[in-house]
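Observations on the model geometry
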Amino acid sequence: MQQKERAELLASLHLKGTPVVLYNAWDAGSARAIQDAGARVIGTGSWAVAAAQGYADGESMPFAFVEHIVARIAGAVDAPVTVDVEGGYSDDPQVCAANVARLMDHGVVGINFEDRIVHGKGLHGVDRQCSRIAAIRAMADARGVPLFINARTDLFLGTGVKPPDGMIEAKERAAAYARAGASGFFVPGLVDLSAIRDLCDSVELPLNVMAMPGLPPAHELADAGVARISHGPAAYLLAMEAIHQAARDILEERQAA
């Protein structure tokens, strides 16, 4: 399957009311295991990718290292690959676009792109974030690949903001991001079902939510119109807990012998 076809497949899976589920990978081995389990899309999570290599989240891992890991993931699976690029590793729109282009060189067909100021406080202004999205869209269009730009807003993640607060701004950002060329709208931290339903009804873009404590079950999210459910670092945390427990059991058994 050609890159353009994989990008089109990724977009086609984002259906309101029939959410595509991403159980996020962090390396080639986890990506292959998740694909073999039946996943139609492989998505990475920046937190897990960084943690697996001993880095903190927040673009502390060198981008060249990220690119290397992404290349290994894309080469290990047949499914469309979408990558969490955080804030694009730059505030500059053209540098963001160039960094995403490097990932597309390895076959990537989707990204998560957040509006949080990674090395500062708060969120980028709407106009500024739109200029960054537009630069990425223009780059992808020039390549003839309909890159799925999942525009993420951190209005509700770790900010203490809860609906109805933040809802007007979320809708404004979604509409602006769509005009700039975004393909989806990602609202991690939003778990209130009525607010999620309101966004699904009000926003043109397919809505993506993240699994976390308090999030309603998948069938209720589907009924609300959600198009994508991401599991963030869940798979990585589960794997590390299993390794920790197994190692502790073996070491305790050895010490008792």
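Up top you'll find the structure we're talking about.
What comes next is a walk through the structure. Small disclaimer: the values here were computed from a predicted structure and weren't measured. (Residues numbered from 1 in each chain as written. Predicted model: local features only at pLDDT ≥ 70, side-chain atom pairs only at ≥ 80, totals over all residues. Heavy atoms only, no water.)

1. Focus on the overall build of the protein
The condition is simple: Comment: elements are numbered from the N terminus, with helices defined as DSSP H or I runs of at least four residues and strands as E runs of at least two. Only C-alpha atoms enter the radius of gyration; for comparison, a globular chain is expected to reach 2.2 Å times N to the power 0.38, where N is the number of residues. Partly exposed describes any residue whose relative accessible area lies between the buried limit of under 20% and the exposed limit of over 50%, with all areas from a 1.4 Å probe on protein chains only and scaled to the type maximum. Should any heavy atoms of two residues lie within 4.5 Å, those residues are counted as being in contact. Areas reported here follow the Shrake-Rupley algorithm with a probe of radius 1.4 Å; residue values treat only the protein chains shown as occluding. In this charge count, Lys and Arg are treated as positive and Asp and Glu as negative; neither His nor the chain ends contribute. Note that the charge is assigned to NZ on lysines, CZ on arginines, CG on aspartates and CD on glutamates.
Within the protein, the secondary structure is distributed over 10 helices and 8 strands. The C-alpha atoms of the protein give a radius of gyration of 18 Å, which matches the 18 Å a tight globule of 257 residues would have. In terms of overall dimensions, the protein has C-alpha extents of about 65 × 40 × 35 Å along its principal axes. Across the 257 residues in the protein, those meeting the buried criterion constitute 51%. In the protein, once contacts between residues fewer than 6 apart in sequence are set aside, the share between residues at least 24 apart is 69%. When the accessible surface of the protein is split by element, carbon and sulfur atoms take 54% of a total near 11,600 Å². The protein carries 22 positive and 31 negative side-chain charges, and their two centres are separated by 3 Å.

2. What about the packing of aromatic side chains?
The following threshold applies: A pair of aromatic rings is counted whenever rings of Phe, Tyr or Trp (Trp by its six-membered ring) have centres within 6.5 Å, and the orientation is called stacked for planes under 30 degrees apart, edge-to-face for over 60 and tilted otherwise.
Evaluation of the coordinates by the stated rule reveals 5 aromatic pairs. Here the aromatic rings of Trp47 and Tyr236 are separated by 5.9 Å at their centres, their planes lie at 70°, and the arrangement is edge-to-face. Of this pair, Trp47 sits in helix H3 (residues 46-52) while Tyr236 sits in helix H10 (residues 234-256); the two residues are 189 residues apart in sequence, bridging distant segments of the chain. The exposure class assigned to Trp47 is partly exposed, which follows from its relative accessible area of 38%. Judged by its relative accessible area of 10%, Tyr236 is buried. An aromatic cluster is present here, built from Trp26, Trp47 and Tyr236 joined pairwise through their rings.

3. Focus on helix H6 (residues 126-143)
Condition: By this rule, a helix spans an expected 1.5 Å times one less than how many residues it contains.
Counted at 1.5 Å a residue, the expected span for H6 with its 18 residues is 26 Å, and the 26 Å between its end C-alpha atoms agrees. Every buried residue of H6 is listed here: Gln129, Cys130, Arg132, Ile133, Ala135, Ile136, Arg137, Met139 and Ala140. Where the residues of H6 are buried, they touch helix H5 (93-104), strand E4 (110-114), strand E5 (148-152) and helix H7 (167-180). Within two residues after H6, Gly144 carries a phi angle of roughly 75°, on the positive side.

4. Brief notes about the state of the cysteines
Each disulfide consists of one covalent bond between the sulfur atoms belonging to two cysteines. Threshold: Throughout, a disulfide means two cysteine sulfur atoms within 2.5 Å of one another.
Considering all chains together, one arrives at 0 disulfides under this definition. Of all cysteine sulfurs in the structure, the one in Cys130 sits closest to Cys96, which takes part in no disulfide; the separation is 13 Å. Its relative accessible area of 0% is what places Cys96 among the buried residues.

5. Brief notes about unusual backbone geometry
The omega torsion across Pro163 and Pro164 is 10°, close enough to zero to call that bond cis. Mapped onto the elements of the fold, Pro164 is located in the loop between E5 and H7. Phi angles above zero are rare outside glycine, and Glu86 is one such case at about 55°. Inspection of the secondary structure assignment puts Glu86 in the loop between strand E3 (81-84) and H5. Positioned with a positive phi, Tyr89 is a non-glycine residue whose angle comes to about 60°. Considering the arrangement of structural elements, one finds Tyr89 in the loop between E3 and H5.

6. So, the pattern of salt bridges
To be explicit about the condition: Salt bridges are defined by distance alone: a side-chain nitrogen of Lys or Arg within 4 Å of a carboxyl oxygen of Asp or Glu.
On inspection of all chains with the given rule, the structure shows 10 salt bridges. Residue Glu67 is joined to Arg102 by a salt bridge in which the shortest nitrogen-to-oxygen separation is 2.8 Å. Of the two residues, Glu67 is situated in helix H4 (residues 63-76) and Arg102 in helix H5; the sequence distance between them amounts to 35 residues. Across the salt bridge formed by Lys171 and Asp198, the nearest N and O atoms sit 2.9 Å from each other. Placement of Lys171 in helix H7 and of Asp198 in helix H8 (residues 193-202) is noted, with a sequence separation of 27 residues between them. Using a relative accessible area of 28% as the deciding quantity, one classes Lys171 as partly exposed. Classification of Asp198 as partly exposed rests on a relative accessible area of 27%.

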